[in-house]
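So you can see what is in the structure, the chains are spelled out below.
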Amino acid sequence: MRSSDISTPASTPTPDTSSLADPERGLALSHAAADSRAALATLWALDERMGAIVAAARDPLIGSMRLVWWRDALEALDDESARVPAEPLLQALATSLLPAGVRGTDMAALETGWAALLEGETLAPDQIDSHGAGRGAPLFRLSARLLGQEPADIDTAGAGWALADLGHRVQSLESRELARAAARERLAQVDTGSWPRRLRPLGLLVALARQDAQVPAGQLRRQATPKRLLRSLAYALLGR
């Protein structure tokens, strides 16, 4: 996929917990327990960093090489004798996620989902499925682990969220509709009403993803609008 075929937030994510590029993930983060907020923000910053690499990749090979660097660097975090490179986000991941029981190989799994988007202007169904399974499922699973609960449908929820998000990143109308239809299918299998309160940050993202998946392919979502903020507040208060 060319850089012109996928959009990305304007700002670059950093380990600063207040600087997530996605305003609605920043809002969801505010509902996380204080003891997990910093680690969760750093994990989500990693996802944004990989997304920014794909969005900026004019040459798929260069984009792939950059993602592979991150994959290898993350896997190397599991070697306690290895020195962590002087990359601020990587160092933040080492200091906040490893002590929380998240391995470098767990984080490296995100690379597979993002790499699936690097080939072709119009995404094939298998690329779309690979993105959901390779990005969203591990991201939500690790987020749930940091929050202290891992429900049985967390992978499906993550895949659905990632596919709904993808449906508003790509330029191809065909790819948008495929991604949003796949998101609707997966999110219909998720029961956030049964999730414990600690998972409300992820439940909120699922609630907004359900709205995103329903938008016609010719339209794009508008994040952080008053209507969506009210929906977010309602979910945070009621859990549905």
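Since we're looking at a predicted model, the values are computed, not measured.

Student: Teacher, can you tell me more about the packing of helix α9 (residues 173-187) against helix α10 (residues 200-214) here?
Tutor: Packed helices, taken two at a time, are described by the angle between their axes plus the distance between the axes. Between α9 and α10, whose axes approach to 8 Å, the crossing angle comes to 140°. One way to sum up the angle between α9 and α10 is to call them oblique. Crossing handedness for the pair α9 and α10: left-handed. Contacts from Arg180, Ala183, Arg184 and Leu187 in α9 reach Val206, Ala209, Arg210, Asp212, Ala213 and Gln214 in α10.

Student: Quick question: what am I supposed to make of the packing of aromatic side chains here?
Tutor: We describe a pair of aromatic rings using the distance from one ring centre to the other and the angle between the two ring planes. Under the defined criterion, the tally for this structure stands at two aromatic pairs. Ring centres 5.3 Å apart and planes at 80° place the aromatic pair Trp69 and Trp70 in the edge-to-face group.

Student: Help me understand the environment of Leu229, please; the structure alone is not making it clear to me.
Tutor: By the element assignment, Leu229 lies in helix α11 (residues 226-238). Distance in space between the C-alpha atoms of Leu229 and Leu27 is 8.8 Å, their sequence separation being 202 residues. When neighbours within four sequence positions are excluded, Leu229 is seen to be in contact with Leu27 and Ala224.

Student: Just to check I follow, could you spell out helix α3 (residues 60-76) for this structure?
Tutor: Each α-helix turn comprises 3.6 residues. Residues three or four places apart therefore point the same way. The end-to-end C-alpha distance of α3 is 24 Å, a good match for the 24 Å that 17 residues give at a rise of 1.5 Å each. Buried residues of α3: Gly63, Leu67, Trp70, Ala73 and Leu74, and no others. Along the long axis of α3, the arc covered by the buried residues comes to 125°, so they all point the same way. Of the residues that open α3, the one with a side-chain oxygen 2.8 Å from the backbone nitrogen of Leu61 is Asp59.

Student: Whenever I open this one, the environment of Ala133 confuses me. Can you help?
Tutor: Tracing the backbone through its elements, the reader meets Ala133 in helix α7 (residues 125-147). Separated by 21 residues in sequence, Ala133 and Thr112 place their C-alpha atoms 8.8 Å apart. Apart from the residues within four sequence positions on either side, Ala133 is in contact with Pro138 and Ala159.

Student: What should I look at first to understand the confidence of the model for the protein chain in this one?
Tutor: Close inspection of predicted coordinates is inappropriate in any region flagged by low pLDDT. Of all residues in the protein chain, 91% attain a pLDDT of 70 or more, and the chain-wide mean is 89. Mean pLDDT values over the elements of the protein chain span from 75, in α11, up to 98, in helix α8 (residues 154-166). Throughout residues 8-17 the model reports pLDDT below 50, and contacts reaching past four residues in sequence, or to other chains, amount to 19 contacts.

Student: Could you clarify how one ought to interpret the environment of Arg141 in this entry?
Tutor: Relative to the helices and strands, Arg141 resides in helix α7. Between the alpha carbons of Arg141 and Asp106 there is a distance of 9.6 Å; along the sequence they are 35 residues apart. Not counting residues up to four positions away in its chain, the partners in contact with Arg141 are Glu150, Ile154 and Asp155.

Student: Just checking my understanding: could you explain the nonpolar core for this structure?
Tutor: Side chains of nonpolar character tend, in soluble globular proteins, to be buried together. Among the nonpolar cores identified, the biggest contains 64 residues, and Trp44, Trp70, Leu74, Met107 and Leu202 are the most heavily contacted of them. The element best represented in this core is helix α2 (residues 34-56), accounting for ten residues. Leave out the neighbours within four places in its chain, and Leu74 touches Leu46, Met50, Leu90, Leu93, Gly104, Thr105, Met107 and Ala108.

Student: Honestly, the side chain of Arg180 in this entry has me stumped. Any pointers?
Tutor: The residue Arg180 is located in helix α9 in this model. Of note is the side chain of Arg180, whose polar atom sits 2.8 Å from the backbone oxygen of Val215. Excluding residues within four positions of it along the chain, Arg180 makes contact with Leu163, Gly167, His168, Asp212, Ala213, Val215, Pro216, Ala217, Gln219 and Leu220.

Student: What am I meant to see in a nonpolar patch on the surface here?
Tutor: Side chains of Leu61, Ile62 and Met65 sit close together on the surface and give an oily, nonpolar patch of about 290 Å² of accessible area. Relative to the elements of secondary structure, Met65 occurs in helix α3.

Student: Help me out: how do you make sense of the pattern of salt bridges in this one?
Tutor: When charged atoms on two side chains of opposite charge get close, those side chains can pair. This model, assessed by the stated rule, comprises 20 salt bridges. By sharing partners, the salt bridges in this structure join Asp22, Glu24, Arg25, Asp47, Glu48, Arg135, Asp165, Arg169, Asp212, Arg221 and Arg228 into a single network.

Student: What exactly am I supposed to notice about the packing of α7 against α9 here?
Tutor: At their nearest, the axes of α7 and α9 sit 10 Å apart, and the two run at 50° to each other. The orientation of α7 with respect to α9, classified from their angle, is oblique. For α7 against α9, the interelement crossing comes out right-handed. Two secondary-structure elements touch here, α7 through Pro125, Ile128 and Asp129 and α9 through Ser175, Leu178, Ala179 and Arg186. For the contact of α7 with α9, the class distribution of residues is four nonpolar, one polar and two charged.

Reading the values: rules and limits
- Residues numbered from 1 in each chain as written.
- Predicted model: local features only at pLDDT ≥ 70, side-chain atom pairs only at ≥ 80, totals over all residues.
- Heavy atoms only, no water.
- Axes fitted to C-alpha atoms, helices over the stretch in contact; angles between N-to-C directions.
- Helix = DSSP H or I, 4+ residues; strand = E, 2+ residues; numbered from the N terminus.
- Parallel < 35°, antiparallel > 145°, perpendicular 65-115°, else oblique.
- Left-handed = near helix turned anticlockwise from the far one by under 90°.
- Contact = heavy atoms within 4.5 Å.
- Phe/Tyr/Trp six-rings, centres within 6.5 Å; stacked < 30°, edge-to-face > 60°.
- Expected span 1.5 Å × (residues − 1).
- Buried < 20%, exposed > 50% of the residue type's maximum accessible area, 1.4 Å probe, protein only.
- Arc of directions from axis to C-beta.
- Polar contact = N/O pair within 3.5 Å; in protein donor to acceptor, adjacent residues only side chain to side chain.
- pLDDT = per-residue confidence, 0-100.
- Core = buried A, V, L, I, M, F, W, Y, C linked by side-chain atoms within 4.5 Å.
- Patch = residues over 30% accessible without salt bridge, like charges linked within 9 Å, V, L, I, M, F, W, Y side chains within 5 Å.
- Areas by Shrake-Rupley, 256 points an atom, 1.4 Å probe, with all protein chains shown as cover.
- Salt bridge = Lys/Arg side-chain N within 4 Å of Asp/Glu carboxyl O.
- Nonpolar A, V, L, I, M, F, W, Y, C, P; charged D, E, K, R; others polar.

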